[in-house]
Amino acid sequence: MSYFGEHFWGEKNHGFEVLYHSVKQGPISTKELADFIRERATIEETYSKAMAKLSKLASNGTPMGTFAPLWEVFRVSSDKLALCHLELTRKLQDLIKDVLRYGEEQLKTHKKCKEEVVSTLDAVQ
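Let me begin by describing the structure that accompanies this report. Since the structure is predicted, the reported quantities are computational estimates derived from the model, not experimental observations.

1. Here we look at the overall build of the chain
Broken down by element type, the chain carries 3 helices and 0 strands. Shown N-terminal to C-terminal, the secondary structure of the chain runs as helices and strands in the order α-α-α. Looking at the chain as a whole, 22% of its 125 residues qualify as buried. Within the chain, contacts between residues at least 6 apart in sequence are counted, and of these 78% link residues at least 24 apart.

In structure tokens form, the structure reads like this:
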């Protein structure tokens, strides 16, 4: 038996079980990742809306006087920041779709693999 074979199968042939268990955990891990990204997207969207609201407040500042240029800087920077976080929200939502698609493919592959390795699983058990 090769060096890899000795380490993969391990003591009492548990290597296959460990690998099989890891494959079964895949969909759970994928769902947890999607949930995390979804929560992050929600936070980014909320932040974007808050910055847009702040930008409106800054545009209501006095257009004349000592602070007029500062109000404009606050308005422009708040607008830009709101747009950046809105774009990040969109990218995170696209990422969620990709992760969910990956999870679906993972399930299909797992089912196919399960059919192919059932004899190995029976032999190991």
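Okay, back to it.
2. Structural notes on the side chain of Thr30
With respect to the secondary-structure elements, Thr30 resides in helix α2 (residues 15-59). With relative accessibility at 8%, the residue Thr30 sits in the buried group. Non-local contacts of Thr30, meaning those with residues more than four positions away in its chain, are made with Val99, Tyr102, Gly103 and Gln106.

Rules used throughout
Residues numbered from 1 in each chain as written. Predicted model: local features only at pLDDT ≥ 70, side-chain atom pairs only at ≥ 80, totals over all residues. Heavy atoms only, no water. Helix = DSSP H or I, 4+ residues; strand = E, 2+ residues; numbered from the N terminus. Buried < 20%, exposed > 50% of the residue type's maximum accessible area, 1.4 Å probe, protein only. Contact = heavy atoms within 4.5 Å.

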